[in-house]
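Close look at the chain arrangement
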Amino acid sequence: LPDELVIAMVESESRPPVKKYIAEVVNSDGALDLAVLQIVSDIDGKPVDPKNLGLPFVEVGDSETVNLGETIRIFGFPGIGGETITFTQGTVSGFESQENIGDKAFIKTDTEIAGGNSGGLAVNEAGQIIGVPTLTVSSDTGAVIGRLRSINLAKPMFEAAVAGKKYKSQYAEEGTEKEEFTLTTWAEDYDENECPIKPL
């Protein structure tokens, strides 16, 4: 995980976001591809009190109450922060379970979601966040972005962060320290100066 992340704020819907703050990762869950961040300084490195920033926020909803056919709205940045914010709207088209996580691990939607919107915001008609657009990869379909990670799965991370406690994922599988990495192939134009992983 990175030590610090830059937080950019939307000042105008017709212009790219403006870099304003530096944040640190408080809790994260690799199995869910979600994290909780805390702003610690302004963009120049001057410390700030996170409790007194007065920033706008989105209320956390309940993804368990989401039903088929409900309207869903998605906000994000297809250019991964390099372009203006985008808005798309569609409906909940289904749900997907996931081993070790359970039912409603993902909310499926017919909403058009560009790849860079992964990590964005999905809200219900009340304006509450109910999911996070998440890029997933499968052997059958390749990269897919029409799914939302259900927000209820992140609530234990939120609660731990508020309580000042460390969070341990209940979904991540423990390693055995005997894992092996096999069937590695390298492109013909492989450049060892640009790749941190060296061929065996």
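Just above sits the structure.
Read on for an overview of the structure.

**A few points about the sheet that holds strand S2 (residues 18-29)**
What the three strands build is an open sheet, ordered S1-S2-S3; its pairing is antiparallel. A single partner strand is all that each edge strand has here, and the edge strands are strand S1 (5-9) and strand S3 (34-42). Mean inter-strand twist for the sheet, computed between neighbouring axes without regard to direction, equals 45°. For S1 and S2, the ladder comprises five bridges, and the chain directions are antiparallel. Paired with Val6 across the bridge in S2 is Ile22. The sheet contacts of helix H1 (residues 155-162) involve S2 and S3, and relative to S2 the element is tilted by about 105°.

**Thoughts on unusual backbone geometry**
The backbone phi angle of Asp33 is positive, close to 60°, even though this residue is not glycine. Position of Asp33 among the secondary structure elements: in the loop between S2 and S3. Even without a glycine there, the phi angle at Asn100 is positive, about 75°. Positionally, Asn100 belongs in the loop between strand S5 (86-98) and strand S6 (102-109). Its relative accessible area of 43% is what places Asn100 among the partly exposed residues.

**Structural notes on the nonpolar core**
Counting 15 residues, the largest nonpolar core has Leu32, Leu34, Ile101, Met157 and Tyr171 as the members making the most contacts within it. Among the secondary structure elements, those contributing two or more residues to this core are S3, S6, strand S8 (129-133) and H1. The residues contacting Ile101, other than those within four sequence positions of it, are Ala31, Leu32, Arg149, Leu153 and Tyr171. Within the second largest apolar cluster, nine residues are counted, among which are Ile74, Val92, Ile107 and Ile130.

**Considerations on the pattern of salt bridges**
By the definition in use, this model includes two salt bridges. Between Glu11 and Lys20 there is a salt bridge, with the nearest N and O atoms lying 2.9 Å from each other. The exposed category is assigned to Glu11, whose relative accessible area is 54%. With a shortest N-O distance of 2.8 Å, Glu96 and Arg147 are connected by a salt bridge. Here Glu96 is found in strand S5, whereas its partner Arg147 is found in strand S11 (residues 147-150), with 51 residues between them in sequence.

Criteria and thresholds
Residues numbered from 1 in each chain as written. Predicted model: local features only at pLDDT ≥ 70, side-chain atom pairs only at ≥ 80, totals over all residues. Heavy atoms only, no water. Pairing = 2+ DSSP bridges. Helix = DSSP H or I, 4+ residues; strand = E, 2+ residues; numbered from the N terminus. Axes fitted to C-alpha atoms, helices over the stretch in contact; angles between N-to-C directions. Contact = heavy atoms within 4.5 Å. Buried < 20%, exposed > 50% of the residue type's maximum accessible area, 1.4 Å probe, protein only. Core = buried A, V, L, I, M, F, W, Y, C linked by side-chain atoms within 4.5 Å. Salt bridge = Lys/Arg side-chain N within 4 Å of Asp/Glu carboxyl O.

These figures come from the coordinates and say nothing about function on their own.
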